[in-house]
Amino acid sequence: MSLHQMAVSPPFLLSSRSAYSLNPLLFSKRCRFFLPRSQSRFTFIKRRSFAELAKSFDFTSEERIYNWWQSQGYFRPKFDRGSDPFVISMPPPNVTGSLHMGHAMFVTLEDIMVRYHRMRGRPTLWLPGTDHAGIATQLVVERMLASEGIKRVELGRDEFAKRVWEWKEKYGGTITNQIKRLGASCDWTREHFTLDEQLSRAVIEAFVRLHEKGLIYQGSYMVNWSPKLQTAVSDLEVDYSEEPGTLYYIKYRVAGGSRSDFLTIATTRPETLFGDVAVAVHPQDERYSKYVGQMAIVPMTYGRHVPIISDKYVDKDFGTGVLKISPGHDHNDYLLARKLGLPILNVMNKDGTLNEVAGLYCGLDRFEARKKLWSDLEETDLAVKKEPHTLRVPRSQRGGEVIEPLVSKQWFVTMEPLAEKALRAVEKGELTIMPERFEKIYNHWLSNIKDWCISRQLWWGHRIPVWYIVGKDCEEEYIVARNSEEALMKARDKYGKEVEIYQDPDVLDTWFSSALWPFSTLGWPDVSAEDFKSFYPTTMLETGHDILFFWVARMVMMGIEFTGTVPFSYVYLHGLIRDSQGRKMSKTLGNVIDPIDTIKEFGTDALRFTLALGTAGQDLNLSTERLTANKAFTNKLWNAGKFVLQNLPNQDDVSGWQNIQACEFDTEESLLRLPLPECWVVSKLHMLIHAVTESYNKFFFGDVARETYDFFWGDFADWYIEASKAHLYHSGDDSVALIAQAVLLYVFENILKLLHPFMPFVTEELWQALPYRKEALIISTWPQNSLPRNTNLVKRFENLQAMTRAIRNARAEYSVEPAKRLSASIVASEEVIQYISEEKEVLALLSRLDVDNIHFTDSPPGDAKQSVHLVASEGLEAYLPLADMVDISAEVQRLTKRLSKMETEYEGLKARLTSPKFIEKAPEDIVRGVQEKAAEAEEKINLTKNRLAFLKSTVLVSQ
C-alpha cells in the first residue's frame, strides 16, 4: 500500500484507523534507521503494520497523483492572487511525434519553473499545445495511404485533408499523453493546436498585415528542395552528414583553341554541368590568366559556350583551381551569379529528374544521369579522372533523401526591418537570453539575416491567403485577403463582377505559425496590445539552443511587430541530451534512450532530477549510472519520510500534535532555545532555503538540485536523523523528544517543498501522508526566505561532527567491530566541553562510544601514550584507549607480515625502475604507472612502519 493511499480525500487528514504505528521494530532494516524495541521510550498503539507500506515509492502511483492534481484544478492559474503573473508557452511538439529526451528536458525545466512560481503565490499559466508539423504529418499519412494502395493525388486535396484530420484525432494525442507522464502541470483546458480556428485566423491576419506593409513578396530564389516531398524545406529540416563520395575531373575545352587548350574542373555533381553559366578562376592564378575573357565549351551540350571569368571567390587550392558556376543548383554559385549579373539556368524537375535543358539526359533521375554522363565523358575523352572524396551531404530530416539546391518561385518575408527591432530589444534589456553567451549568436544571426522562405508545396497546413485572377499573370495580378469571400469582393471591385479567382495551392511554413505561438495562444489578434503588455513582462520562454534562430528569434520579431512588445522577458536555453559517451543520440548508433522506458525502470522523479542537474546551455551526458543514483535518492527520500512518520504522535494524540504545531522556528530566540543538533539542522535548512530561492530566481536549477540533494542526504539523513534518535529514544525528557519530533517534521516538510518542482510525485505522496496537512503540496506556500540561522551554533555542531568523523575513521583504521562501544577522553577548553558534554548521548550514538565512559578534560589523560590520539579540530582532541580497539600483540604480528610482503613488492618495482632496458624500451605510460605504484607502495610502507612503532611503544609503556 502506498503512503498516498493512507491519506483520505481533502482535507487529507489521516483518520485514527490509519495512524502510523510508532514501533521501531516494524521499520525496514533497509532504511538504516533501525533500533531495538528496548530503546524506545514510547508506549505504542498497534495499528496498521508498517510492513504493509511499500519498501520504496511505487512508480505506478504517478498517474493517479497526476490525474488527482488535474481533477482538482491545480494546473489552472489563480489570477486573484494579486501578484505579477508568470506565463510560459510550451514549445509545441509535432503532433506526429513521440516523446524523446529533448522533450523530457524542456518539460522538466519548464515544469520546475511553473511549480516554483505557483508555490511562490504568483498566478501561473503554462500554455500547452501541439504543432501541425506540415511535412512530417503529410508524410505519415501518405505512407498510411500507400499501404492501402492509394496515392494522395488520387484522393484530391479536400479528401486528403479529411484523412489527415482523421489521423490526427486518432493518433495526435500520443505526445500529449506522454508529456503528462512527465508530470507537466500545464493548464490543459487551454491546450492549442496550430490549426485551431483561432490560431489559423492569427496566421492569416499576420500574413495580410505583413503584405500590407510590403514585407511579404513573391519571387524566384534558391531554396532547399526535397524532390521526394516535392516542397521547399527550411534549413532546420536539413541534416548534414559526412559521407564517402567522388570528385570528378572533367575537361572544358577553350573555344577557338587547340586540343591542348582546356580547363580541368573538379566537381562532386557532374550532372549539374548542364546548368553551367560560367567558368571561374582566381584573378591571381597565373596558370589560367591567359584564358580569362575567352569562352569555354560545356561538355555534352552540343557546343554551348560560357565565359571564363575571374573572381576572388574561387579557391586556388581546391581541386584544380577552376570552378564551374551552376547558380541554379548551388547556394554559393547562386550568390556569385547574382553579384556578377550572370543568368540562372535550371536543369532539374521538381521530382529530381533532369529537364529538357539536359538534352539526351532529360527524364533521367539525377543520380542515374550522373553515372551515364560520366560514362559518356569517358567515351569522348573529356573525363580526366575520378577519386574518392568525403562529401558533406544535405539530407532531409523527414525522408532522409538528398536535398537539392533549387531556384523556385516562393513567398518570402523581408526580415531586415523586423530583425532591427529584435536586436534593439536585447540591447535595451527588454529581453534577456540565458546563458548570456548566446546573445552574441543571436545578434550575429539577426545582423546577417536572410529573407525567409515561408511557402511550402504541401496540402496540410495553413493555405496561403493569396488568390489569382483566371487569365492573368500570377506574378503580377493577385489578391491577398483573409478569406475567399473577401478575396472575391476585392477582385470584383478591381476586375468586374464576372471575374474568376483561384487560391494559391501552397501552404505556409510550419515555423510561420510557430513564430506567432506565444501571443496567438493568448488570443491575438482579438486581444489588444495593452493586454499583452500586462502578461509579457513576466513571461518566460524555455527551449533548446539549437532552435534559437529558427523559432526564438522569429517569435521575438513577430511579437514586436504585431503586439508592440517582446513576447517574453527571458529566454532560457538548454543543451542537447547525449549518451554517456557524449555522443548525439541516434537510431544509427543504437544509443537512443526512451523516456517512457526510463520512467518505467527508474521513475519519473529520478529522470527529471537527472535532467535538471545540467548547466544552462550545456549538453548533458545521460547514463544509467546517473539514473540509478537518483532512483536511490528517491528511495532515500521515501525511507526518510517513513522514519519521520514513524516517530510522530498518533493522529488521535491531539495534545501531542498541538504541542508540535506550537513549535516555532522563525525567530532568533526560538532557535537559541533548541538543543544543539536541532539548532544546527534548522539553521542549515534556513541557509538552504535562502540559497535555493536565490538559485531558483537566477534559473540555476542545477545548483538548486545539488544543494538540496547535499543537504537532504548529507545533513538531514546521514546526520540529523541519526542524531535525533538520541533525543527520541535516550533523552528521558519528553520535552526534548517533542522538540526532536517537531524539528524532524519541520525540516522534512520544507525539504519536500524545495524538491517538489524537481520531484513532484514522490514529494506529493509523502506530503499527503503527513498528518494535518490541509492542502496539496503543489499549491502549498513556498518556505519563507531570510529565516534566522545561528552560525556560531552551526560551528559548534560541526566540531561535534569532526569529532565523530575522527572516531569513525579510527575505528575503521583499526577494524573495530561495529557493535563494540569504546571509551574516550575528550580534551578541550571549558567552553567546548560544556556544549559537547550536553550532547554526550548524541556523540555516543553517532560514534558508537560507551556513554558511561566518555570523560571530558582540559588536558591529556594519564594513559595518553597507550591511546590513539585524534585531533578533530583546533582545540578539540580525543584519546581512545588502544586496548579497547585492538588485540595489540595480534595486530603487531599481522602488520609485521603485511610489511614484509609490501617491502618485497616494493623492491620488485624499484628493480624495474633501475633497469635501463625497462626505462628505454617500455612505453611512457607503462613507466609512469610503475613509478606511481612504487610511490604508493613506499607511502603504505611508511604508514605501516609508523603504526608498528606506535603499537610496540604502547606495549613497552604498558609493561
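Definitions and cut-offs
- Residues numbered from 1 in each chain as written.
- Predicted model: local features only at pLDDT ≥ 70, side-chain atom pairs only at ≥ 80, totals over all residues.
- Heavy atoms only, no water.
- UniProt positions renumbered as here; feature names shortened; annotations may be inferred.
- Helix = DSSP H or I, 4+ residues; strand = E, 2+ residues; numbered from the N terminus.
- Rg over C-alpha atoms; globule rule 2.2 N^0.38 Å.
- Buried < 20%, exposed > 50% of the residue type's maximum accessible area, 1.4 Å probe, protein only.
- Domains from an automatic or database assignment.
- 1 Å grid on protein atoms, 1.4 Å probe; cavity = no way out; pocket = protein on both sides within 12 Å on 5 of 7 lines; lining within 4 Å.
- Points joined across faces, edges and corners; volume = space filled by probe spheres on them.
- Nonpolar A, V, L, I, M, F, W, Y, C, P; charged D, E, K, R; others polar.
- Pairing = 2+ DSSP bridges.
- Axes fitted to C-alpha atoms, helices over the stretch in contact; angles between N-to-C directions.
- Contact = heavy atoms within 4.5 Å.
- Polar contact = N/O pair within 3.5 Å; in protein donor to acceptor, adjacent residues only side chain to side chain.
- Salt bridge = Lys/Arg side-chain N within 4 Å of Asp/Glu carboxyl O.
- Patch = residues over 30% accessible without salt bridge, like charges linked within 9 Å, V, L, I, M, F, W, Y side chains within 5 Å.
- Areas by Shrake-Rupley, 256 points an atom, 1.4 Å probe, with all protein chains shown as cover.
- Lys, Arg positive; Asp, Glu negative; His and termini not counted.
- Charge placed at Lys NZ, Arg CZ, Asp CG, Glu CD.
- Core = buried A, V, L, I, M, F, W, Y, C linked by side-chain atoms within 4.5 Å.

- Taking an unreviewed UniProt entry as the reference, the chain is identified by name as valine--tRNA ligase belonging to Durio zibethinus.
- Under the Catalytic activity (unreviewed entry) heading, UniProt states for the chain: "tRNA(Val) + L-valine + ATP = L-valyl-tRNA(Val) + AMP + diphosphate".
- Its UniProt record gives the chain a comment under Sequence similarities (unreviewed entry), which states: "Belongs to the class-I aminoacyl-tRNA synthetase family."

### Re the overall build of the chain
No. 1: When its secondary structure is counted, the chain shows 32 helices and 29 strands.
No. 2: Taking 2.2 N^0.38 as the reference for a compact globule, 959 residues should give roughly 30 Å; the C-alpha atoms of the chain span a radius of gyration of 38 Å, well beyond that estimate.
No. 3: Dimensions of the chain, computed from C-alpha atoms along their principal axes, come out at roughly 115 × 85 × 55 Å.
No. 4: Buried positions account for 54% of the 959 residues belonging to the chain.

### Examining the domain arrangement of the chain
You'll often see interface size given as the accessible area lost when the parts meet.
No. 1: Assigned domains within the chain: domain 1 (227-406), domain 2 (611-789), domain 3 (796-886) and domain 4 (889-956).
No. 2: Computed from C-alpha atoms alone, the centre-to-centre distance between domain 1 and domain 2 is 68 Å.

### Describing the layout of surface pockets
To find the voids left in a structure, one rolls a probe of water-molecule size over its atoms.
No. 1: The calculated volume of the second largest pocket comes to roughly 1200 Å³.
No. 2: Lining the second largest pocket we find 43 residues, and of these Thr268, Arg269, Asp330, Leu391 and Arg392 sit closest to its centre.
No. 3: Top element by residues in the lining of the second largest pocket is strand β13 (residues 383-396). It accounts for 7 residues.
No. 4: Grouping the constituent residues of the lining of the second largest pocket by class yields 16 nonpolar, 15 polar and 12 charged.

### What to know about the sheet that holds strand β2 (residues 124-127)
By definition, the strands of a sheet pair up through backbone hydrogen bonds, in either a parallel or an antiparallel sense.
No. 1: Strand order across the open sheet formed by 5 strands is β2-β1-β22-β23-β15, with parallel pairing between neighbours. This sheet does not close on itself; its edge strands, each paired only once, are β2 and β15 (432-434). For this sheet, the mean angle separating the axes of adjacent strands, direction not counted, is 20°.
No. 2: By the bridge criterion, 4 bridges tie strand β1 (residues 86-89) to β2 in an arrangement that is parallel.

### Some thoughts on the environment of Arg463
No. 1: Residue position: Arg463 is located in the loop between β17 (455-456) and β18 (466-469).
No. 2: For the pair Arg463 and Phe701, spaced 238 residues apart in sequence, the C-alpha to C-alpha distance is 42 Å.
No. 3: If near-sequence neighbours (up to four positions away) are discounted, Arg463 is found in contact with Arg157, Ile204, Gln503, Asp504, Pro505, Asp506 and Val507.
No. 4: Within the local environment of Arg463, its side chain forms a polar contact with the backbone oxygen of Asp504, the two atoms lying 2.7 Å apart.

### Here we look at empty space enclosed by the protein
No. 1: Counted under the stated rule, the structure contains 3 cavities of 30 Å³ or more.
No. 2: Of the voids in this model, the largest cavity is the one considered here, and its volume is about 80 Å³.
No. 3: In this structure, the largest cavity is lined by 13 residues; those nearest its centre are Met105, Leu109, Tyr572, Gly614 and Thr615.
No. 4: Looking at the lining of the largest cavity, the elements that each hand over two or more residues are α2 (101-119), β23 (570-574), α18 (604-612) and α23 (701-730).
No. 5: Residue composition of the lining of the largest cavity, grouped by class: 7 nonpolar, 6 polar and no charged.

### Section: the pattern of salt bridges
No. 1: Evaluated as defined, the whole model comprises 37 salt bridges.
No. 2: For Lys213, the salt bridge is made with Glu561, and the minimal N-O distance between the two is 2.8 Å. Of this pair, Lys213 sits in the loop between α7 (197-212) and β5 (216-226) while Glu561 sits in helix α16 (residues 548-563), placing them 348 residues apart in sequence.
No. 3: Residue Glu561 is classed as buried on the basis of its relative accessible area, which comes to 15%.
No. 4: Several salt bridges share partner residues, and in doing so they unite Glu205, Arg209, Arg482, Glu486 and Lys490 into one network.

### Section: the side chain of His103
No. 1: The residue His103 is located in helix α2 in this model.
No. 2: Among the residues examined, His103 registers a relative accessible area of 10% and is labelled buried.
No. 3: Discounting residues that sit within four places of it in the chain, His103 has contacts with Pro93, Ser98, Ile175 and Leu182.

### Section: unusual backbone geometry
No. 1: Residue Pro435 follows Met434 across a cis peptide bond; omega there is -5°.
No. 2: Note on placement: Pro435 falls in the loop between β15 and α11 (438-447).
No. 3: Cis geometry is adopted by the peptide bond preceding Pro525, which originates at Trp524 and carries an omega value of 10°.
No. 4: Within the fold, Pro525 resides in the loop between α14 (517-520) and α15 (529-535).
No. 5: If you check the backbone angles, Phe699 has positive phi at about 65° while not being a glycine.
No. 6: One can find Phe699 in the loop between α22 (676-697) and α23.
No. 7: Look at Arg848: it is not a glycine, yet its phi comes out positive at around 60°.

### Notes on a positive patch on the surface
No. 1: Taken together, the side chains of Arg805, Arg808, Arg821 and Arg848 make up a positively charged region of the molecular surface.
No. 2: Inspection of the secondary structure assignment puts Arg848 in the loop between α28 (840-847) and β27 (849-857).
No. 3: Since its relative accessible area comes to 39%, Arg848 is described here as partly exposed.

### What to know about the nonpolar core
No. 1: Judged by nonpolar contacts, the single largest core of 159 residues is most densely connected at Phe716, Val747 and Phe758.
No. 2: Of the residues forming this core, the biggest block, 14 residues, is contributed by α23.
No. 3: What Val747 contacts, discounting residues up to four positions off in sequence, is Val681, Val682, Leu685, Phe711 and Phe716.
No. 4: Within the second largest apolar cluster, 58 residues are counted, among which are Val203, Ala425, Trp511 and Leu548.

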